[in-house]
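One letter stands for each residue in the lines below.
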Amino acid sequence: MEVSLQLTLSTIRVKAASHGVSWTHCINNRSDSHPQLRPSFFTPKSLFQSFRKKELDQKLIGRNRIPKMAHVEEGKVVTADVTSGEMLYEPILEEGVFRFDCSVDDRNAAFPSLSFTNSKLRDTPITVHKVPSYIPTFQCLLGQQIVKLEFPVGTSFYGTGEVSGQLERTGKRVFTWNSDAFGYGPETTSLYQSHPWVLAVLPNGEALGVLADTTRRCEIDLRTECRIRFTAPASFPVIIFGPFPSPTDVLMSLSHAIGTIFMPPKWSLGYQQCRWSYMSDKRVKEIATTFREKNIPCDVIWMDIDYMDGFRCFTFNKERFPDPKSLVNDLHHNGFKAIWMLDPGIKYEEGYFVYDSGSKNNVWIQKADGKPFVGDAWPGPCVFPDFTQSKVRSWWANLVKDFTSNGVDGIWNDMNEPTLFKVVTKTMPENNIHRGDEELGGCQSHVHYHNVYGLLMARSTFEGMKLADKNKRPFVLTRAGFIGSQRYAATWTGDNLSNWEHLRMSISMVLQLGLSGQPLSGPDIGGFAGNATPKLFGQWMGVGAMFPFCRGHSEMDTLDHEPWSFGEECEEVCRLALKRRYRLIPHLYTLFYMAHTKGTPVATPAFFADPKDPSLRKLESCLLLGPLLVCASTMLNQESDKQLLLPKGIWLSFDFDDLHLDLPGLYLRGGSIIPLGPPIQHIGESNPSDDLTLLIALNENGKAEGVLFEDDGDGYGFTEGEYLLTHYIAELESSVITVRISKTEGLWKRPNRRLHVQLLLGEGAKLDSWGIDGEIMQIALPSDIEVSKLITTSKANCRMRLECVKLIPDVEAGSGQKGIELSRTPVELKSGNWSLKVVPWIGGRIISMAHLPSGMQWLHSRIDVNGYEEYTGLEYRSAGCSEEYNVIERDLEHAGQEESLILEGDIGGGLVLQRHISIPKDDPKVIRIDSSILGRKVGAGSGGYSRLVCLKIHPTFCYMHPTETFVSFTSIDGSKHEIWPESGKQIFEGDLRPNGEWMLVDKCLGLGLVNRFDVSEVFKCFIDCGAGMVSLEMWSEERPVSKESPLKISHEYEVREIS
């Protein structure tokens, strides 16, 4: 018995090591408050699973692998550093879906799936005769599992969830670690949500999806063409869906695993207006009234965090929002819904009913010592609910249930990555303890549950709203999420910026989320941070009105960003754009019904129209809503249809008599019918007996088809047959077009209404006919000559309308003084290993320093703060950091010169700060920066010398992996230093200065950013560690300067691989 027990413990300890779990901590250090503090796979069942190896091997199909070796040495388990081979596989779920594991033991030890609707679907093999087309290889190295998949040349990659940057993901690398990424850029590698998922489209148009089913931090590396590489703590299964005939088939199969989008209430598809913050109920009413007075459609007003009493969740500020029920009643009377924010941080305060209730029920996340964890958020010191426990989710759900009695129509979960203040990681310690349910993974550290915290909070909120009223569909918006979050919540793309780059990225980001299983998403239209210009805001509203989720939002201390805030021309464009959306609501609602019931996507890239066409795969200015193609203008002075690339086949343009160069072009695919509704101000104005319009585009065979879903717009009657699903067809025969119903589903009787058929002929021309819905309509098609005349007339009318249109003025900044104007285009330097972006108009700062080979964005920046700055005084943000700089010289690599830029900023007193940035042609791995304070017009009365000045180089870099990142250098005196994030601010001067080089090391990436400088020019070095960032400052001496004696610092950056 003693021998048997020792063997079992050895087996357990090997498994624990492979998951990076401390056995000693989980067993010896557990207390009564941690009755389940152990890895979930340490169960009696798993102890004996190794004895079932022969039986499992007969089920689990596999190839050769190099086995892991283990032996006991002085009471320790020692394992070989590396195992590798082809992964073992089993068919699961349905034909064409396979699960892959490194070994039988790894399969048995895998954590439950939090992405699948039911973990048993992932863990239960099925019987099929098909074998996988692609088999991943793996390597297990130092606790990390590396999985690789190779594909044919011409394969394109998409998905990876909420990511910024380009649509087609080849060349990119991201990390799944939910992060507060305020003001993110195209190279940011971790945003608010995690989707360890890649959609691969093969050269022949077939597609497959790959899911790394792990909640841990996971690297998705697509930098090598036609290769996917996942790296995460061992071990985790990989699920491959397909290849299937089309990308849509892959997404439908994925939905069978992770679930479909919740069925949204119809009102949530209307336009929604938000602000951080509408500071009183009076201001909220003013906003609502103005929408109605100006005839601009809107359905929802949002309340940001300032409605609360001292940021305490589930409370209302008694002065600014004294009677929330009365406010909501007024909004409802005016056709608006009200959505209110709830954060996870609960104020640590006895006497506050939520804190007292949570403490009584022992719901808080705990530190490793078993005491509740307290961290800073908006209310100050906070505790955080442990949503991994069913009892805690139930506790939260009941709070939500009571909260909704105030007239709450929807709930906004923010800050739920979770985000904390005053810590370098911007989140809670990774060794915090979640006492999770066994079916979720059991008691684990925060590093295991971090990425699903937002999903579980959204789930609890959703369930609470359902408890409050079973006859209403919940609406929850979440910032943080994981693959599968769409079951409970919509999402938005976080704290974006008011500039053209973020407008362009918003299309790709919405599409990537849709290609990762989340169809209900959209950006903050107009940008959250900074001031939009009229042109930027109007064009963003034009395309934003076509996104699945449509909300305008902006931060405090910026201009107002309501549709009427940018002048009458922009206001008219916004009005037209939103009226378009409301005409299209029947079509959008039908798309969401299909997404909910079948798992089909709502918004897709243009290449979904023809996945075999490689020319469409990188098209980023278009999106498809079913057969409706939206072609947007996302560049200043770019017409929406300029150099338009349409998919092959028939695509007929149309509009709603609202043709405008600041609005997207609309095209309907031949063979399609889409339903349209009347122009309304809010969803509540619609009625089943309203006229129904069918927009028809015939294909080359003279046929078209489409579908319309109708129900009450809320509640769950549709699950019991209380709906009407109508399939319409149109057929051309002998110059007569017959429009009829081919089939119907549901128990609803067809409303008594008129049917308006609009047949598209081309170039905006339409043929109109009226009838009764449900009756067969026959329309005589005019002769070819008459059709040609109609098209010619339509083109002439279009030209006349465009000539009469008032374009939004092309100005650089909106009116007013608040905020920072972000919409101007940065200067880009791109050569060798680097891509830099510089904003001359705000301190000449470098806002992006992207290392192309690694895909790493080193700078932590938004346009108006941080990034690479320079000052000229000892005080923080002194002269030089915010002045407007002039571009003195710009050399382009393609003109035969090295890529370089010279900037100058006037800092007063006859001084200028000059900066020369270059990427040397003979050393393209390096960025070189030569900075000087020059005396240009120093007066003779001062002896030709300026005031005292000091040149301060102040770059702020990202802590991508704060627990594995540090600053390393050797001082002049030979002493060696490693400065970790918790060190705060440190000064090095004299012989403690770095000896001409220091390096920011990221052990997780295996990279170091080396900064080399001339020691004779640098008198002090500062390291200042903050939340998610670190500043590496260099100071010159402080002295006056003259024309002959400038102050200067020359330095350079280079990325180095580290072992």
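Thresholds, definitions, all that
Residues numbered from 1 in each chain as written. Predicted model: local features only at pLDDT ≥ 70, side-chain atom pairs only at ≥ 80, totals over all residues. Heavy atoms only, no water. Helix = DSSP H or I, 4+ residues; strand = E, 2+ residues; numbered from the N terminus. Buried < 20%, exposed > 50% of the residue type's maximum accessible area, 1.4 Å probe, protein only. Contact = heavy atoms within 4.5 Å. Areas by Shrake-Rupley, 256 points an atom, 1.4 Å probe, with all protein chains shown as cover. Expected span 1.5 Å × (residues − 1). Pairing = 2+ DSSP bridges. Axes fitted to C-alpha atoms, helices over the stretch in contact; angles between N-to-C directions. Phe/Tyr/Trp six-rings, centres within 6.5 Å; stacked < 30°, edge-to-face > 60°. Lys NZ or Arg CZ within 6 Å of the ring centre and 35° of its normal. Polar contact = N/O pair within 3.5 Å; in protein donor to acceptor, adjacent residues only side chain to side chain. Arc of directions from axis to C-beta. Core = buried A, V, L, I, M, F, W, Y, C linked by side-chain atoms within 4.5 Å. pLDDT = per-residue confidence, 0-100. Parallel < 35°, antiparallel > 145°, perpendicular 65-115°, else oblique. Nonpolar A, V, L, I, M, F, W, Y, C, P; charged D, E, K, R; others polar. Salt bridge = Lys/Arg side-chain N within 4 Å of Asp/Glu carboxyl O.

Things to note about the overall build of the chain
No. 1: When helices and strands are counted, the chain shows 18 helices and 64 strands.
No. 2: Relative to its full complement of 1059 residues, the chain shows a buried share of 61%.
No. 3: Residue pairs at least 24 apart in sequence account for 69% of intrachain contacts in the chain once pairs closer than 6 positions are excluded.
No. 4: In the form shown here, the chain has an accessible surface area of approximately 39700 Å², with 50% of it arising from carbon and sulfur atoms.

Section: helix α17 (residues 585-598)
Within an α-helix, residues lying three or four positions from one another point in the same direction, as the helix has 3.6 residues per turn.
No. 1: Taking 1.5 Å of rise per residue, 14 residues should cover 20 Å, and α17 covers 19 Å from first to last C-alpha, within 8% of that figure.
No. 2: The element α17 is largely enclosed, with a buried count of 11 among its 14 residues.
No. 3: Those residues of α17 that sit buried are Ile 585, Pro 586, His 587, Leu 588, Tyr 589, Thr 590, Leu 591, Phe 592, Tyr 593, Met 594 and Ala 595.
No. 4: Of the surrounding elements, those touching the buried residues of α17 are α16 (568-583), β33 (622-625), β34 (628-631), β37 (672-676), β39 (703-710) and β40 (724-733).

Some details on unusual backbone geometry
No. 1: In this structure, Ser 235 follows Ala 234 across a cis peptide bond, with omega equal to -5 degrees.
No. 2: Here Ser 235 lies in the loop between β15 (227-233) and β16 (238-244).
No. 3: The omega angle of the peptide bond from Glu 417 to Pro 418 is 0 degrees, so this bond is cis rather than trans.
No. 4: Within the fold, Pro 418 resides in the loop between β23 (410-413) and β24 (433-435).

Overview of the environment of Asp 414
No. 1: On the secondary structure map, Asp 414 appears in the loop between β23 and β24.
No. 2: Here Asp 414 falls in the buried class, since its relative accessible area comes to 10%.
No. 3: Sequence separation between Asp 414 and Met 341 is 73 residues, and the spatial gap between their C-alpha atoms is 7.0 Å.
No. 4: Residues contacting Asp 414, with those up to four places away along its chain left out, are Met 341, Leu 342, Asp 343, Pro 344, Arg 479 and Trp 492.

Let's talk about the sheet that holds strand β5 (residues 88-91)
No. 1: Spatially, β5-β6-β16-β13-β12-β9 is the arrangement adopted by the 6 strands of the open sheet, whose pairing is antiparallel. On the outer flanks of this sheet lie β5 and β9 (156-159), each paired with one strand and no other. When strand polarity is set aside, the average angle formed by the axes of neighbouring strands in this sheet is 25 degrees.
No. 2: With 4 bridges connecting them, β9 and strand β12 (residues 197-201) associate as antiparallel partners. Along β12, the bridge assignment pairs Gly 159 with Val 198.
No. 3: In this fold helix α7 (residues 247-258) packs onto β6 (97-101), β12, β13 (207-212) and β16, with an angle of close to 145 degrees to the strand it touches most, β16.

Thoughts on the sheet that holds strand β22 (residues 380-383)
No. 1: The 3 strands lie next to each other as β20-β22-β21, forming an open sheet whose pairing is antiparallel. Here the strands that pair on one side only, and so sit at the sheet edges, are β20 (346-347) and β21 (375-377).
No. 2: The sheet contact formed by β20 and β22 spans 2 bridges and is antiparallel. Residue pairing across strands places Lys 347 opposite Cys 382, the latter belonging to β22.

Points about the packing of aromatic side chains
No. 1: Applying the stated criterion to the full structure yields 54 aromatic pairs.
No. 2: Summarising the aromatic geometry, the rings of Phe 314 and Trp 396 are spaced 5.1 Å apart at their centres and angled 70 degrees between planes, so their arrangement reads as edge-to-face. Linking Phe 314 in the loop between β18 (300-303) and α9 (324-333) with Trp 396 in helix α11 (residues 390-403), this pair joins segments that are 82 residues apart in sequence.
No. 3: An angle of 90 degrees between the planes, with centres 5.4 Å apart, marks the rings of Tyr 348 and Tyr 355 as edge-to-face.
No. 4: Relative accessible area serves as the criterion here: at 45%, Tyr 348 is assigned to the partly exposed category.
No. 5: A relative accessible area of 12% means that Tyr 355 is categorised as buried.
No. 6: Its guanidinium or amino end placed over the ring of Trp 302, Arg 551 lies 4.7 Å from that ring's centre, counting from NZ or CZ.

Structural notes on the side chain of Thr 965
No. 1: Mapped onto the elements, Thr 965 comes out in strand β57 (residues 965-971).
No. 2: Within the structure, the side chain of Thr 965 is placed 2.7 Å from the backbone oxygen of His 961, a separation counted as a polar contact.
No. 3: Beyond its immediate sequence surroundings of up to four residues, Thr 965 is in contact with Tyr 959, Trp 980, Pro 981, Leu 1000, Val 1001 and Asp 1002.

Quick notes on the side chain of His 448
No. 1: Tracing the chain through its elements places His 448 in helix α12 (residues 446-449).
No. 2: With near-sequence residues (within four places) excluded, His 448 lies in contact with Phe 111, Thr 215, Arg 216 and Leu 440.

Notes on the environment of Gly 242
No. 1: With respect to the element layout, Gly 242 can be found in strand β16.
No. 2: Classification of Gly 242 as buried rests on a relative accessible area of 7%.
No. 3: Along the backbone, Gly 242 and Leu 208 are 34 residues apart, and their C-alpha atoms lie at a distance of 4.5 Å.

Overview of helix α10 (residues 353-360)
No. 1: The complete set of buried residues in α10 reads Val 354, Tyr 355 and Gly 358. On an axial view of α10, the arc spanned by its buried residues comes to 100 degrees, and they lie on one face.
No. 2: Taken together, the buried residues of α10 touch β20, β22 and α11.
No. 3: Remark: Asn 362 follows α10 within two positions and exhibits a positive phi of approximately 55 degrees.

So, the pairing of β15
No. 1: Counting buried positions over the 7 residues of β15 gives 7, a clear majority of the element.
No. 2: Pairing between strand β8 (residues 144-150) and β15: 7 bridges, direction antiparallel. By the bridge assignment, Leu 149 is partnered in β15 with Ile 228.
No. 3: With 3 bridges joining them, strand β14 (residues 218-221) and β15 adopt antiparallel strand pairing. Paired with Asp 221 across the strands is Arg 229, a residue of β15.
No. 4: Once β14 ends, the chain turns through 5 residues before running back antiparallel as β15, passing Cys 226 with a positive phi of about 65 degrees.

As for the nonpolar core
No. 1: Within the largest apolar cluster, 174 residues are counted, with the highest numbers of intra-cluster contacts made by Phe 241, Tyr 307, Trp 340, Phe 475 and Leu 625.
No. 2: Ranked by residues supplied to this core, first place goes to α17 with 8 residues.
No. 3: Counting residues in each nonpolar core, the second largest holds 53 residues, with Trp 858, Leu 1005, Cys 1025 and Val 1055 among its members.

Describing the confidence of the model for the chain
No. 1: Chain-level statistics for the chain give a pLDDT mean of 89 and a share of 88% at 70 or above.
No. 2: Confidence drops under a pLDDT of 50 for residues 1-80, and excluding neighbours within four residues, the segment shows 113 contacts in the predicted structure.

A look at the environment of Gly 713
No. 1: You can see Gly 713 is positioned in the loop between β39 and β40.
No. 2: A residue is classified by how much of its surface remains accessible, and Gly 713, at 6% relative accessible area, is buried.
No. 3: Residues Gly 713 and Arg 473, 240 residues apart in the sequence, show an inter-C-alpha distance of 9.2 Å.

Observations concerning the packing of helix α14 (residues 500-514) against helix α15 (residues 534-544)
No. 1: Their axes nearest at 10 Å, the elements α14 and α15 cross at an angle of 5 degrees. Compared by their axis directions, α14 and α15 come out roughly parallel. Only Lys 535, Leu 536, Gln 539, Trp 540 and Val 543 of α15 make contact with α14, whose side of the interface consists of Trp 500, His 502, Leu 503, Ser 506 and Ile 507.
No. 2: Broken down by class, the residue content of the contact of α14 with α15 amounts to 6 nonpolar, 3 polar and 1 charged.

Focus: the pattern of salt bridges
No. 1: According to the stated counting rule, one finds 47 salt bridges in the structure shown.
No. 2: Across the pair Glu 731 and Arg 740 runs a salt bridge, and its minimum N-O distance is 3.6 Å.
No. 3: Arg 750 is paired through a salt bridge with Asp 773; the nearest N and O atoms lie 3.1 Å apart. Of the two residues, Arg 750 is situated in the loop between β41 (736-745) and β42 (754-762) and Asp 773 in the loop between β43 (765-772) and β44 (777-780); the sequence distance between them amounts to 23 residues.

Regarding the pairing of strand β54 (residues 911-919)
No. 1: Summarising burial for β54: 7 of the 9 residues are buried, a large majority.
No. 2: Relative to β54, strand β53 (residues 899-908) runs antiparallel, the two being bridged by 9 bridges. From the neighbouring strand, Leu 901 faces β54, where its bridge partner is Ile 917.
No. 3: Count of turn residues in the β53/β54 antiparallel hairpin: 2 residues, of which Gly 909 carries a positive phi of about 70 degrees.
No. 4: Relative to strand β55 (residues 926-935), β54 is paired through 8 bridges, and the arrangement is antiparallel. Counted as the bridge partner of Gln 914 is Ser 932 from β55.
No. 5: Two successive antiparallel strands, β54 and β55, enclose a turn made up of 6 residues.

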